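Examination of the molecular architecture
Here is how the chains run, residue by residue.
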Amino acid sequence: MENKMIVNSMPSPTFNWLGINNAKMPYPNDNKLLISIEHNSDKFIIEKSEEFSIKNIETGMGENFQKEIEKAKNILRIETKENCDNAAIKLSLDITGGGKAGVEIKVNENTKANIFIDIKGKDEDVAALEIRYILKDNAALNLIEQSYIDKDSAFANDIGGVIGKSASFHLIQLVLGGKENYYGNFASLKGERGNFTYDMAYTTKDHEMLDINSVADYRNKKCNADTTVYGVMRHHSSKAFRGTINFNHGCPGSKGSELEKVILMDKDVHNKTVPVILCDEEDVEGSHGASLGRLDENIMHYMRSRGLPEKMIYEMMSNAMVDEIKAKIPKVEFED
(Lines give C-alpha, C1' and ligand atoms only; values in the text may rest on other atoms or scores of the structure.)
Protein backbone atom coordinates (compact mmCIF):
# COMPACT_ATOMS: atom_id res chain seq x y z
CA MET A 1 0.00 0.00 0.00
CA GLU A 2 1.31 3.45 -0.97
CA ASN A 3 2.37 5.35 2.14
CA LYS A 4 1.63 8.89 0.96
CA MET A 5 -0.72 11.66 2.01
CA ILE A 6 -2.89 13.84 -0.19
CA VAL A 7 -1.96 17.54 -0.21
CA ASN A 8 -2.49 20.67 -2.33
CA SER A 9 -6.09 19.85 -3.21
CA MET A 10 -7.91 22.32 -5.47
CA PRO A 11 -10.96 24.01 -3.85
CA SER A 12 -13.01 23.04 -6.88
CA PRO A 13 -11.71 19.82 -8.47
CA THR A 14 -11.73 19.19 -12.20
CA PHE A 15 -11.62 15.91 -14.18
CA ASN A 16 -9.68 13.20 -12.31
CA TRP A 17 -8.06 11.93 -15.49
CA LEU A 18 -6.10 15.17 -15.77
CA GLY A 19 -4.16 14.22 -12.63
CA ILE A 20 -4.13 17.78 -11.32
CA ASN A 21 -6.72 17.85 -8.51
CA ASN A 22 -4.14 17.22 -5.78
CA ALA A 23 -0.70 15.84 -5.07
CA LYS A 24 0.58 12.89 -3.06
CA MET A 25 3.70 13.26 -0.96
CA PRO A 26 5.63 10.97 1.41
CA TYR A 27 4.99 11.38 5.13
CA PRO A 28 7.78 13.27 6.93
CA ASN A 29 9.51 11.56 9.82
CA ASP A 30 8.98 12.68 13.42
CA ASN A 31 12.26 14.54 13.83
CA LYS A 32 12.16 18.17 14.93
CA LEU A 33 13.60 20.47 12.29
CA LEU A 34 15.98 23.09 13.64
CA ILE A 35 14.86 26.70 13.25
CA SER A 36 17.59 29.13 14.23
CA ILE A 37 17.38 32.91 14.54
CA GLU A 38 20.18 34.63 12.63
CA HIS A 39 19.03 38.22 13.14
CA ASN A 40 16.48 39.44 15.63
CA SER A 41 14.81 42.65 16.75
CA ASP A 42 13.48 43.79 20.11
CA LYS A 43 10.28 44.66 18.26
CA PHE A 44 9.21 41.00 18.38
CA ILE A 45 7.99 38.67 21.11
CA ILE A 46 9.45 35.22 20.39
CA GLU A 47 8.82 31.95 22.16
CA LYS A 48 8.90 28.24 21.51
CA SER A 49 5.81 26.14 22.01
CA GLU A 50 4.47 22.64 21.53
CA GLU A 51 1.33 23.78 19.74
CA PHE A 52 -0.12 26.51 17.56
CA SER A 53 -2.32 29.12 19.20
CA ILE A 54 -3.70 29.92 15.73
CA LYS A 55 -6.23 27.18 15.09
CA ASN A 56 -9.12 26.38 12.76
CA ILE A 57 -7.66 28.02 9.67
CA GLU A 58 -7.21 26.76 6.15
CA THR A 59 -3.79 26.28 4.62
CA GLY A 60 -2.67 25.61 1.08
CA MET A 61 -1.59 22.02 1.60
CA GLY A 62 -4.60 21.06 3.68
CA GLU A 63 -5.75 19.31 6.83
CA ASN A 64 -3.64 16.15 6.42
CA PHE A 65 -0.46 18.22 6.40
CA GLN A 66 -1.62 20.32 9.35
CA LYS A 67 -2.08 17.22 11.49
CA GLU A 68 1.41 15.97 10.68
CA ILE A 69 3.01 19.26 11.74
CA GLU A 70 1.01 19.37 14.98
CA LYS A 71 2.36 15.93 15.95
CA ALA A 72 5.92 17.28 16.08
CA LYS A 73 5.18 19.79 18.88
CA ASN A 74 7.87 22.04 17.45
CA ILE A 75 6.46 25.55 17.01
CA LEU A 76 8.20 28.93 16.96
CA ARG A 77 5.83 31.79 17.82
CA ILE A 78 6.58 35.31 16.57
CA GLU A 79 4.48 38.36 17.46
CA THR A 80 5.04 42.05 16.85
CA LYS A 81 5.02 44.42 19.80
CA GLU A 82 2.59 47.31 19.81
CA ASN A 83 3.19 50.29 17.52
CA CYS A 84 6.38 48.90 16.01
CA ASP A 85 7.33 49.86 12.46
CA ASN A 86 9.31 47.83 9.94
CA ALA A 87 10.41 45.16 12.42
CA ALA A 88 12.72 42.56 10.82
CA ILE A 89 13.84 39.06 11.71
CA LYS A 90 15.80 36.44 9.79
CA LEU A 91 15.37 32.71 10.41
CA SER A 92 17.28 29.73 9.09
CA LEU A 93 15.69 26.31 8.61
CA ASP A 94 18.03 23.33 8.37
CA ILE A 95 16.31 20.37 6.68
CA THR A 96 19.13 17.93 7.40
CA GLY A 97 17.68 14.73 8.86
CA GLY A 98 14.18 15.54 7.65
CA GLY A 99 11.33 16.16 10.08
CA LYS A 100 8.78 18.85 10.91
CA ALA A 101 8.53 22.40 12.21
CA GLY A 102 5.92 25.12 12.55
CA VAL A 103 6.11 28.91 12.64
CA GLU A 104 3.30 31.11 13.94
CA ILE A 105 3.20 34.80 13.03
CA LYS A 106 0.97 37.45 14.60
CA VAL A 107 1.22 41.00 13.28
CA ASN A 108 -0.71 43.35 15.53
CA GLU A 109 -2.70 46.43 14.56
CA ASN A 110 -0.78 49.28 12.92
CA THR A 111 2.49 47.35 12.86
CA LYS A 112 4.70 46.15 10.01
CA ALA A 113 6.94 43.07 10.00
CA ASN A 114 9.56 41.67 7.63
CA ILE A 115 10.35 37.99 8.12
CA PHE A 116 13.07 36.25 6.09
CA ILE A 117 13.46 32.47 6.10
CA ASP A 118 16.46 30.75 4.48
CA ILE A 119 15.86 27.05 3.81
CA LYS A 120 18.94 24.93 3.28
CA GLY A 121 20.40 21.50 3.89
CA LYS A 122 20.38 17.99 2.49
CA ASP A 123 18.35 14.91 3.25
CA GLU A 124 16.45 12.32 1.27
CA ASP A 125 13.66 12.25 3.86
CA VAL A 126 10.94 14.88 3.50
CA ALA A 127 11.34 18.06 5.54
CA ALA A 128 8.05 19.80 6.34
CA LEU A 129 7.37 23.39 7.42
CA GLU A 130 4.02 25.02 8.16
CA ILE A 131 3.49 28.74 8.69
CA ARG A 132 0.27 30.13 10.17
CA TYR A 133 -0.37 33.85 10.41
CA ILE A 134 -2.85 36.47 11.56
CA LEU A 135 -2.64 40.03 10.28
CA LYS A 136 -4.81 42.32 12.37
CA ASP A 137 -6.34 45.56 11.09
CA ASN A 138 -3.89 47.89 9.29
CA ALA A 139 -1.05 45.40 9.75
CA ALA A 140 1.54 44.59 7.08
CA LEU A 141 3.75 41.53 6.62
CA ASN A 142 6.49 40.81 4.11
CA LEU A 143 7.38 37.11 4.25
CA ILE A 144 10.37 36.12 2.14
CA GLU A 145 11.42 32.49 1.75
CA GLN A 146 14.57 31.45 -0.09
CA SER A 147 15.11 27.72 -0.65
CA TYR A 148 18.52 26.41 -1.74
CA ILE A 149 18.25 22.75 -0.79
CA ASP A 150 20.31 19.94 -2.26
CA LYS A 151 19.32 18.34 -5.57
CA ASP A 152 18.53 15.03 -3.83
CA SER A 153 16.35 16.54 -1.09
CA ALA A 154 12.60 16.85 -0.58
CA PHE A 155 10.81 19.79 1.06
CA ALA A 156 7.17 20.70 1.77
CA ASN A 157 6.07 24.22 2.72
CA ASP A 158 2.52 25.01 3.86
CA ILE A 159 1.17 28.51 4.58
CA GLY A 160 -2.24 29.76 5.68
CA GLY A 161 -3.77 32.62 7.59
CA VAL A 162 -6.15 35.53 7.94
CA ILE A 163 -5.75 39.05 6.57
CA GLY A 164 -7.64 41.74 8.49
CA LYS A 165 -9.15 45.10 7.56
CA SER A 166 -6.79 47.21 5.41
CA ALA A 167 -4.02 44.70 6.17
CA SER A 168 -1.43 43.67 3.58
CA PHE A 169 0.46 40.41 3.13
CA HIS A 170 3.27 40.07 0.58
CA LEU A 171 4.63 36.55 0.14
CA ILE A 172 7.81 36.08 -1.90
CA GLN A 173 9.23 32.60 -2.54
CA LEU A 174 12.40 31.61 -4.39
CA VAL A 175 12.59 27.85 -5.06
CA LEU A 176 16.01 27.12 -6.53
CA GLY A 177 16.71 23.46 -5.90
CA GLY A 178 15.44 20.15 -4.58
CA LYS A 179 14.41 16.78 -5.95
CA GLU A 180 10.81 17.19 -4.71
CA ASN A 181 9.18 20.44 -3.63
CA TYR A 182 5.60 20.92 -2.45
CA TYR A 183 4.33 24.46 -1.85
CA GLY A 184 0.85 25.51 -0.74
CA ASN A 185 -0.59 28.80 0.48
CA PHE A 186 -4.11 29.91 1.43
CA ALA A 187 -4.86 33.60 2.05
CA SER A 188 -8.19 34.33 3.75
CA LEU A 189 -9.13 37.94 3.00
CA LYS A 190 -11.57 38.44 5.86
CA GLY A 191 -11.15 42.15 6.45
CA GLU A 192 -12.45 44.93 4.21
CA ARG A 193 -9.77 46.22 1.81
CA GLY A 194 -7.42 43.37 2.67
CA ASN A 195 -4.55 42.81 0.23
CA PHE A 196 -2.55 39.71 -0.72
CA THR A 197 0.41 39.71 -3.13
CA TYR A 198 2.15 36.47 -4.07
CA ASP A 199 5.40 36.42 -6.07
CA MET A 200 7.28 33.20 -6.79
CA ALA A 201 10.29 32.32 -8.93
CA TYR A 202 11.48 28.76 -9.45
CA THR A 203 13.89 26.68 -11.49
CA THR A 204 13.66 22.95 -12.12
CA LYS A 205 16.18 20.64 -13.78
CA ASP A 206 17.11 16.98 -14.24
CA HIS A 207 14.15 14.95 -12.87
CA GLU A 208 13.13 17.47 -10.21
CA MET A 209 9.45 17.93 -9.33
CA LEU A 210 7.62 21.03 -8.06
CA ASP A 211 3.95 21.12 -6.98
CA ILE A 212 2.23 24.43 -6.14
CA ASN A 213 -1.23 25.27 -4.82
CA SER A 214 -2.23 28.90 -4.21
CA VAL A 215 -5.66 30.09 -3.08
CA ALA A 216 -6.88 33.67 -2.60
CA ASP A 217 -10.15 33.39 -0.68
CA TYR A 218 -12.26 36.59 -0.60
CA ARG A 219 -14.53 37.10 2.41
CA ASN A 220 -15.09 40.87 2.49
CA LYS A 221 -15.57 43.81 0.16
CA LYS A 222 -12.95 45.74 -1.81
CA CYS A 223 -10.18 43.18 -1.28
CA ASN A 224 -7.37 42.55 -3.74
CA ALA A 225 -5.02 39.67 -4.53
CA ASP A 226 -2.32 39.44 -7.21
CA THR A 227 -0.32 36.32 -8.02
CA THR A 228 2.80 36.25 -10.21
CA VAL A 229 4.75 33.03 -10.80
CA TYR A 230 7.85 32.89 -13.00
CA GLY A 231 9.58 29.62 -13.80
CA VAL A 232 12.37 28.05 -15.81
CA MET A 233 12.16 24.33 -16.55
CA ARG A 234 14.98 22.16 -17.89
CA HIS A 235 15.74 18.54 -18.83
CA HIS A 236 13.08 16.03 -17.64
CA SER A 237 11.70 18.10 -14.76
CA SER A 238 7.99 18.47 -13.97
CA LYS A 239 5.78 21.11 -12.37
CA ALA A 240 2.13 21.57 -11.47
CA PHE A 241 0.60 24.93 -10.57
CA ARG A 242 -2.94 25.36 -9.24
CA GLY A 243 -3.96 28.97 -8.79
CA THR A 244 -7.43 29.76 -7.47
CA ILE A 245 -9.22 33.09 -7.06
CA ASN A 246 -12.34 32.45 -4.99
CA PHE A 247 -14.84 35.31 -4.90
CA ASN A 248 -17.27 34.28 -2.17
CA HIS A 249 -20.65 35.97 -1.72
CA GLY A 250 -20.20 39.21 0.20
CA CYS A 251 -17.01 40.54 -1.44
CA PRO A 252 -18.28 43.25 -3.84
CA GLY A 253 -15.71 45.60 -5.30
CA SER A 254 -12.93 43.02 -5.01
CA LYS A 255 -10.27 42.35 -7.63
CA GLY A 256 -7.88 39.52 -8.35
CA SER A 257 -5.29 38.53 -10.95
CA GLU A 258 -2.99 35.60 -11.71
CA LEU A 259 -0.08 35.46 -14.11
CA GLU A 260 2.34 32.63 -14.78
CA LYS A 261 5.27 32.74 -17.17
CA VAL A 262 7.30 29.59 -17.81
CA ILE A 263 10.30 29.17 -20.08
CA LEU A 264 10.56 25.56 -21.25
CA MET A 265 14.24 25.04 -21.95
CA ASP A 266 13.92 21.45 -23.19
CA LYS A 267 11.31 19.37 -24.99
CA ASP A 268 11.05 16.70 -22.28
CA VAL A 269 9.81 18.91 -19.44
CA HIS A 270 6.31 18.19 -18.12
CA ASN A 271 4.24 21.24 -17.17
CA LYS A 272 0.68 21.53 -15.83
CA THR A 273 -0.96 24.90 -15.17
CA VAL A 274 -4.54 25.29 -13.91
CA PRO A 275 -5.72 28.87 -13.26
CA VAL A 276 -9.21 28.94 -11.71
CA ILE A 277 -11.67 31.73 -10.91
CA LEU A 278 -14.65 30.83 -8.72
CA CYS A 279 -17.33 33.48 -8.45
CA ASP A 280 -20.38 33.84 -6.21
CA GLU A 281 -20.46 37.65 -6.33
CA GLU A 282 -21.44 39.96 -9.21
CA ASP A 283 -19.43 43.14 -8.63
CA VAL A 284 -15.89 41.72 -8.88
CA GLU A 285 -12.99 41.71 -11.35
CA GLY A 286 -10.85 38.64 -11.93
CA SER A 287 -8.24 37.80 -14.56
CA HIS A 288 -5.69 35.10 -15.21
CA GLY A 289 -3.13 34.40 -17.88
CA ALA A 290 -0.28 32.05 -18.65
CA SER A 291 2.66 32.25 -21.02
CA LEU A 292 4.23 28.83 -21.52
CA GLY A 293 6.84 27.72 -24.03
CA ARG A 294 10.08 28.65 -25.66
CA LEU A 295 11.17 32.23 -26.25
CA ASP A 296 9.48 34.36 -28.89
CA GLU A 297 11.19 33.99 -32.28
CA ASN A 298 11.48 37.77 -32.71
CA ILE A 299 13.48 37.96 -29.48
CA MET A 300 15.63 35.03 -30.58
CA HIS A 301 16.33 36.64 -33.97
CA TYR A 302 17.28 39.94 -32.37
CA MET A 303 19.66 38.30 -29.91
CA ARG A 304 21.23 36.03 -32.56
CA SER A 305 21.86 39.07 -34.74
CA ARG A 306 24.00 40.40 -31.88
CA GLY A 307 26.17 37.29 -32.01
CA LEU A 308 24.71 35.42 -29.04
CA PRO A 309 24.31 31.63 -29.27
CA GLU A 310 20.89 30.13 -28.45
CA LYS A 311 22.00 28.48 -25.21
CA MET A 312 23.35 31.77 -23.86
CA ILE A 313 20.15 33.58 -24.87
CA TYR A 314 18.00 31.16 -22.89
CA GLU A 315 20.27 31.37 -19.85
CA MET A 316 20.18 35.16 -19.91
CA MET A 317 16.40 35.30 -20.20
CA SER A 318 15.83 32.69 -17.51
CA ASN A 319 18.12 34.51 -15.09
CA ALA A 320 16.27 37.73 -15.85
CA MET A 321 12.95 36.14 -14.85
CA VAL A 322 14.29 35.04 -11.48
CA ASP A 323 15.98 38.39 -10.96
CA GLU A 324 12.67 40.18 -11.59
CA ILE A 325 11.13 38.42 -8.57
CA LYS A 326 14.28 38.92 -6.49
CA ALA A 327 14.04 42.65 -7.13
CA LYS A 328 10.75 42.72 -5.22
CA ILE A 329 12.43 41.63 -1.97
CA PRO A 330 12.39 44.65 0.37
CA LYS A 331 15.71 46.05 1.53
CA VAL A 332 15.90 45.78 5.29
CA GLU A 333 18.69 46.58 7.72
CA PHE A 334 18.89 44.09 10.57
CA GLU A 335 19.74 45.26 14.05
CA ASP A 336 22.99 44.00 15.57
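This one's a predicted model, so the numbers in the text were calculated from it and none came from an experiment. (Residues numbered from 1 in each chain as written. Predicted model: local features only at pLDDT ≥ 70, side-chain atom pairs only at ≥ 80, totals over all residues. Heavy atoms only, no water.)

Inspection of the entire model under this criterion finds 6 aromatic pairs. An aromatic cluster of three or more residues is present, and its members are Tyr133, Phe169, Phe196 and Tyr198. Seen from the ring of Phe52, Arg132 lies directly overhead, with NZ or CZ sitting 3.9 Å from the centre. (Phe/Tyr/Trp six-rings, centres within 6.5 Å; stacked < 30°, edge-to-face > 60°. Lys NZ or Arg CZ within 6 Å of the ring centre and 35° of its normal.)

Between two cysteines, a covalent bond joining their sulfur atoms is known as a disulfide. Using the criterion set out here, one finds 0 disulfides in the structure. Of the cysteine sulfurs around Cys223, a residue in no disulfide, the closest is that of Cys251, at 7.4 Å. Taking relative accessible area as the criterion, Cys223 reaches 1% and is therefore assigned buried. (Disulfide = S-S within 2.5 Å. Buried < 20%, exposed > 50% of the residue type's maximum accessible area, 1.4 Å probe, protein only.)

Looking now at the pattern of salt bridges. Pairs can form between side chains of opposite charge once their charged atoms are near each other. All chains considered together, the criterion is met by 16 salt bridges. Lys151 serves as the salt-bridge partner of Asp152, at 3.5 Å between the closest nitrogen and oxygen. Classification of Asp152 by relative accessible area gives partly exposed; the value is 32%. A salt bridge links Lys239 to Glu260; the nearest nitrogen and oxygen atoms lie 2.5 Å apart. Pair noted here: Lys239 is in strand 17 (residues 238–247) and Glu260 is in strand 18 (residues 254–264), with a separation of 21 residues, a long-range link. (Salt bridge = Lys/Arg side-chain N within 4 Å of Asp/Glu carboxyl O. Helix = DSSP H or I, 4+ residues; strand = E, 2+ residues; numbered from the N terminus.)

Okay, a positive patch on the surface next. On the surface, Lys165, Arg193, Lys221 and Lys222 cluster together into a positively charged patch. Within the element layout of this structure, Lys165 appears in the loop between strand 11 (154–163) and strand 12 (168–175). (Patch = residues over 30% accessible without salt bridge, like charges linked within 9 Å, V, L, I, M, F, W, Y side chains within 5 Å. Areas by Shrake-Rupley, 256 points an atom, 1.4 Å probe, with all protein chains shown as cover. Lys, Arg positive; Asp, Glu negative; His and termini not counted. Charge placed at Lys NZ, Arg CZ, Asp CG, Glu CD.)

Among the 10 residues of strand 14 (residues 195–204), 8 are classified as buried, and the element is accordingly described as predominantly covered. Two elements, strand 12 and strand 14, share 8 bridges in a ladder whose sense is parallel. The residue of strand 14 that forms the bridge with Val175 is Tyr202. Across 10 bridges, the pairing between strand 14 and strand 16 (residues 224–233) is parallel. Within the sheet, the bridge partner assigned to Asp199 lies in strand 16 and is Thr228. (Pairing = 2+ DSSP bridges.)

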